[in-house]
Amino acid sequence: MSASAPQHDQHQQHPPGRPATAVLANPRSERVRSVSRLAGRPARVRAGAFLAEGPQAVREAVPAGAVRDLYGTPEALERHGALVEEAARRGATVRPCTDEVLAAMADTVAPQGLLAVCRPVDVPLADVLARRPRLVAVLAEVRDPGNAGTVLRAADAAGADAVVLTSGSVDLYNPKCVRSTAGSLFHLDVVTGVGLAEAVAGLRSAGAAVLAADGEGEDDLDDLADAAADGGGPLAGPVAWVFGTEAHGLSPADRELADAVVRVPLHGRAESLNLATAAAVCLYAAARAHRPRTSCAAGARA
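Predicted model, so just to flag it, every value in this text is computed and none were measured.

S.K.: So what exactly am I meant to see when it comes to the sheet that holds strand β7 (residues 135-139) here?
M.R.: Paired through backbone hydrogen bonds, the strands of a sheet run either parallel or antiparallel to each other. With respect to topology, 7 strands assemble into an open sheet ordered β9-β8-β7-β12-β10-β13-β11, the strand pairing being parallel. Here the strands that pair on one side only, and so sit at the sheet edges, are β9 (189-194) and β11 (219-220). Judged from the 3 bridges that link them, strand β10 (residues 209-213) and strand β13 (residues 260-263) form a sheet pairing that is parallel. In the strand pairing of β13, leucine 211 is matched with alanine 260. Here helix α8 (residues 145-157) sits on the sheet and contacts β7, β8 (162-166) and β9; the angle it forms with β7, its principal contact strand, is near 175°.

Below is the structure:
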């Protein structure tokens, strides 16, 4: 085929046991355009779908049953054969494509061979409350996708049960937000689009202490951690942490909704912590308080 010849879908050699499939080779086809449009929120809302790019995101999305269509270069599909077979077994349509087509569909500059079109995975607040969560992160009008995704990843790492993004927060399915979660989006319950007052009231009714993280808080996180080590204070039981925007934090009205306003102590010369770092510190403080403790003295007596 000459360089100027029109592009058509081509058939590719396929692994044993996998049916032959036409390789998508035209980056200007309507199918490719429809996938690429999912980088924008209006198209995501209309299609009820979002993009998860790269092997790591796809590896987490497949067991969650979130993948609707899986696109990949023949080389990537071969390299990740077990993952591809699992996606197909769970009902995903697997579509080989050229590097040029994958680049046209992806939001990233250098896609890594696999791209999935996924179903939304957020859940209603009522579902989270019914499970009586022990640790929840609430993002109050956090609009930066990188920050939101990184907090979600930290919440997952700390063993949180859920993350709540209130009304006015970034779209959970923004491609940058999805990438920043590094797959954690598919590991824990995520609630979107609820008001902060509604979320706080519901979490409190489910037995959680509501703590607002703020640099000007009256309570010191170290003091709460010390109290939890002695079996007392709000960290010892179920906790919902509320985090505001990095630029402005929480409004006075939002802080009033909490049971306590807590500051992360700064022991060095840094002026402040960014949102994701502060959230990780707070979430891990609660996670540590919830872990069973063993006593050296008790071990010696045994």
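S.K.: Teacher, can you tell me more about the pattern of salt bridges here?
M.R.: Any two side chains of opposite charge can pair, on the condition that their charged atoms come close. What the rule picks out here adds up to 13 salt bridges. Between arginine 37 and glutamate 30 there is a salt bridge, with its nearest N and O atoms 2.5 Å apart. For arginine 179, the salt bridge goes to aspartate 107, with nearest N and O atoms at 3.0 Å. In this pair, arginine 179 is assigned in helix α9 (residues 175-181) and aspartate 107 in the loop between α6 (99-105) and β6 (114-118), connecting sequence segments 72 residues apart.

S.K.: Explanation requested: the side chain of threonine 73 in the structure shown.
M.R.: You can see threonine 73 is positioned in the loop between β4 (67-72) and α4 (74-79). For threonine 73, a relative accessible area of 5% translates into the label buried. Setting aside residues up to four positions removed in sequence, threonine 73 forms contacts with Cys97, Thr98, Asp99, Leu102 and Gly113.

S.K.: Help me out: how do you make sense of the pairing of β8 in this one?
M.R.: In terms of burial, β8 is largely enclosed, as 5 of its 5 residues are buried. Burial along β8 is two-sided: Ala162, Val164 and Thr166 facing one way and Val163 and Leu165 facing the other are all buried. Here 4 bridges tie β7 to β8, and the two strands are oriented parallel to one another. When the bridges of β8 are listed, valine 136 appears paired with alanine 162. As judged from the 5 bridges shared by β8 and β9, these two strands associate in the parallel manner. Bridge pairing in β9 links valine 163 to valine 190. Regarding the hand of the β-α-β motif, the stretch spanning β8, α9 and β9 is right-handed.

Rules of the game
Residues numbered from 1 in each chain as written. Predicted model: local features only at pLDDT ≥ 70, side-chain atom pairs only at ≥ 80, totals over all residues. Heavy atoms only, no water. Pairing = 2+ DSSP bridges. Helix = DSSP H or I, 4+ residues; strand = E, 2+ residues; numbered from the N terminus. Contact = heavy atoms within 4.5 Å. Axes fitted to C-alpha atoms, helices over the stretch in contact; angles between N-to-C directions. Salt bridge = Lys/Arg side-chain N within 4 Å of Asp/Glu carboxyl O. Buried < 20%, exposed > 50% of the residue type's maximum accessible area, 1.4 Å probe, protein only. Right-handed = clockwise from strand over helix to strand, strands pointing away.

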